[in-house]
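The primary structure of each chain is shown beneath.
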Amino acid sequence: AQTVTQSQPEMSVQEAETVTLSCTYDTSESDYYLFWYKQPPSRQMILVIRQEAYKQQNATENRFSVNFQKAAKSFSLKISDSQLGDAAMYFCAYSVLEPNDMRFGAGTRLTVKP
Amino acid sequence: KAGVTQTPRYLIKTRGQQVTLSCSPISGHRSVSWYQQTPGQGLQFLFEYFSETQRNKGNFPGRFSGRQFSNSRSEMNVSTLELGDSALYLCASRQGLAVQETQYFGPGTRLLVL
């Protein structure tokens with residue numbers, strides 16, 4: 001069974017600093033997708049970044065980037081130049097190509113200190 | 001375009017009752033997925049509908065069911081409610097079935113079972 005583990009229940013970062021959120025997963029599949037979702041307090045969950053397992057190049061979206069280590073089954077999220085609006089729960093998720101059966105980690109609550 | 005909407009936003013029920021939650025996807029989106037979010041179990045996939053057909057179902061008892069209408073709106077039903085069904089129920093829509101397509105989440109329906 002595929003499982004996703006986020007070992008950091010809470011993290012904090014100073015505004016403008018960089019923070020890395022960890023995620024590991026377990027799978028026997030060779031191709032799959034990994035995602036990071038952000039759920040701000042009392043607001044809708046939104047996709048931050050996605051990575052296909054077959055692509056070796058790490059995905060980047062503005063201040064957000066991932067470090068994808070396929071052999072180690074690790075998928076960490078780096079947030080650069082942290083902003084107050086980055087404060088949220090961050091969920092790592094895994095999905096095979098079909099059908100949709102997205103598996104989420106337990107989440108990491110990120111606090112940004114001014 | 002309007003985002004994903006869910007009604008009602010809050011609901012209080014008692015054990016043994018049944019409940020129906022509604023989700024209206026983004027216009028043009030044909031896939032709707034449902035998730036249950038609880039503090040203990042985290043985010044869990046319930047089921048996905050596409051073109052009025054259930055494509056996949058998560059590991060939930062038969063008390064949880066759903067359907068999708070020709071306009072892509074979806075409902076989920078929980079019968080014989082239990083205390084453990086108290087949760088935030090999220091729906092998400094995307095245009096098709098490709099897992100790499102962005103899922104857009106609604107604000108959720110918070111269900112409290114007394």
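Scroll up for the structure.
The rules behind the values
- Sequence order sets the numbering: in each chain, residues are counted from 1 along the sequence as written.
- Chains carry letters from A onward and ligands carry numbers from 1 onward, assigned in written order.
- Only residues with pLDDT of at least 70 get local features here, since the model is predicted, and only at 80 or more are side-chain atom pairs given and counted; chain-wide, interface and lining totals rely on the full set of residues.
- As a convention, hydrogens and water are excluded, and side-chain values are obtained from all of the structure's heavy atoms.
- A patch consists of residues whose relative accessible area exceeds 30% and which take part in no salt bridge; residues with like charges are grouped when within 9 Å of each other, and nonpolar side chains (Val, Leu, Ile, Met, Phe, Trp, Tyr) when within 5 Å.
- Computed with a 1.4 Å probe, the accessible areas rest on the Shrake-Rupley method; for each residue, only the protein chains presented here act as cover.
- Salt bridges are counted wherever a side-chain nitrogen of Lys or Arg sits within 4 Å of a carboxyl oxygen of Asp or Glu.
- Numbering of helices and strands starts at the N terminus; helices are DSSP runs of H or I of at least 4 residues and strands are runs of E of at least 2.
- Think of it in three bands: with a 1.4 Å probe and only protein chains considered, a residue is buried below 20% of the maximum accessible area for its type, exposed above 50%, and partly exposed in between.
- Residue contacts are counted whenever heavy atoms from the two residues lie within 4.5 Å of one another.
- Buried area is a sum: the accessible area each of two parts loses on coming together, probed at 1.4 Å, counted once for each and added.
- Here a polar contact is recorded for every N or O atom pair within 3.5 Å, except that within protein the pair must consist of a potential hydrogen donor and a potential acceptor, and residues adjacent in sequence are included only if both atoms are side-chain atoms.
- Polar here means any residue outside two lists: the nonpolar Ala, Val, Leu, Ile, Met, Phe, Trp, Tyr, Cys and Pro, and the charged Asp, Glu, Lys and Arg; Gly therefore counts as polar.
- Should DSSP find at least two bridges between two strands, the strands are taken to pair.
- In this analysis, axes come from line fits to C-alpha atoms, helices being fitted only over the stretch in contact, and the angle between any two N-to-C directions falls in the range 0 to 180 degrees.
- Cavity: a set of points on a 1 Å grid over the protein atoms alone where a 1.4 Å probe fits but cannot get out. Pocket: an open set with protein on both sides within 12 Å along at least five of seven lines, its lining residues, like those of a cavity, having an atom within 4 Å of a point.
- Grid points are joined across faces, edges and corners, and a volume is the space filled by probe spheres set on the points.

(A) Examining a nonpolar patch on the surface more closely. All names here are of chain B. On the surface, I12, L112 and L114 cluster together into a nonpolar patch covering about 300 Å² of accessible area. Following the sequence through the fold, L114 ends up in the segment after β11 (109-113). L114 gets classed as exposed once you look at its relative accessible area, which sits at 54%.

(B) The arrangement of the interface of chain A and chain B in detail. Across the boundary between the two partners, chain A contributes 18 residues, which contact 20 residues of chain B. Buried area between chain A and chain B, summed over both chains or domains, comes out near 1700 Å², and the portion from carbon and sulfur atoms is 52%. Three residues, Q44(A), M45(A) and N100(A), lead the burial of chain A against chain B; their summed loss comes to 33% of the area buried on that side. Our count for the contact surface shared by chain A and chain B stands at 0 salt bridges. At the surface where chain A touches chain B, the tally comes to 4 residue pairs in polar contact (both at pLDDT 80 or more). Looking at the side of chain A that touches chain B, the element that brings in the most residues is strand β5 (residues 32-39) of chain A, giving 4 residues. Within the side of chain A that touches chain B, the residues separate by chemical class into 11 nonpolar, 4 polar and 3 charged.

(C) Fine view of the sheet that holds strand β8 (residues 74-78) of chain B. Residue and element names in this part refer to chain B. If you trace the 4 strands from one edge of the open sheet to the other, you get β1-β3-β8-β7, paired in antiparallel fashion. Strands at the two margins of the open sheet, each flanked by one partner only, are β1 (5-7) and β7 (64-68). Strand-to-strand twist of the sheet, defined as the mean angle between neighbouring strand axes without regard to direction, takes the value 20°.

(D) Representation of the pairing of strand β8 (residues 64-69) of chain A. Residue and element names in this part refer to chain A. With 2 bridges joining them, strand β7 (residues 60-61) and β8 adopt antiparallel strand pairing. Residue pairing in the sheet places T60 in a bridge with S65 of β8. Counting the residues that bridge the hairpin from β7 to β8 gives 2 residues, and of these N62 lies at a positive phi of roughly 55°. Of the pairings in the sheet, the one linking β8 to strand β9 (residues 74-79) comprises 6 bridges and is antiparallel in character. Among the inter-strand pairings, Q69 is bridged to a residue of β9, identified as S74. Taking the residues that link successive antiparallel strands as the turn, the β8-β9 hairpin has 4 residues, and the phi of K73 there is positive, at about 55°.

(E) Representation of the side chain of Q36(B) in the model. Residue and element names in this part refer to chain B. On the secondary structure map, Q36 appears in strand β4 (residues 31-38). A distance of 3.0 Å separates a polar atom in the side chain of Q36 from a polar atom in the side chain of Y89. Contact partners of Q36, with chain neighbours within four places excluded, come to G42, L43, Q44, L46, F60, F64, G84, D85, A87, L88 and Y89.

(F) Summary view of the environment of N59(B). With respect to the secondary-structure elements, N59(B) resides in the loop between β6 (53-57) and β7. For the pair N59(B) and V32(B), spaced 27 residues apart in sequence, the C-alpha separation works out to 17 Å.

(G) Looking closely at the pattern of salt bridges. Residues and elements named next belong to chain B. Counted according to the given criterion, the structure contains 8 salt bridges over all chains. The residue D85 makes a salt bridge to R63 at a minimum N-O spacing of 2.8 Å. Taken together, the residues span a long stretch of sequence, with D85 in the loop between β8 and β9 (87-94) and R63 in the loop between β6 and β7 at a distance of 22 residues. Within this structure, R63, E82 and D85 form a network of salt bridges that share partners.

(H) Region of interest: the layout of surface pockets. Of the volumes computed, that of the largest pocket is approximately 600 Å³. The wall of the largest pocket is formed by 28 residues, among which Q39(A), S42(A), Q37(B), L88(B) and R110(B) lie closest to the centre. Elements with a contribution of two residues or more to the lining of the largest pocket: β10 (88-96) and β12 (108-113) of chain A together with β4 and β9 of chain B. Of the residues that constitute the lining of the largest pocket, the class distribution is 15 nonpolar, 9 polar and 4 charged. Along the wall of the second largest pocket there are 18 residues; nearest its centre are R103(A), F104(A), Q41(B), L43(B) and Q44(B). Mapped by element, the contributors of at least two residues to the lining of the second largest pocket are β1 (3-5) and β11 (103-104) of chain A together with β5 (42-50) of chain B. When residues in the lining of the second largest pocket are grouped by element, the largest group, 4 residues, is from β5(B).

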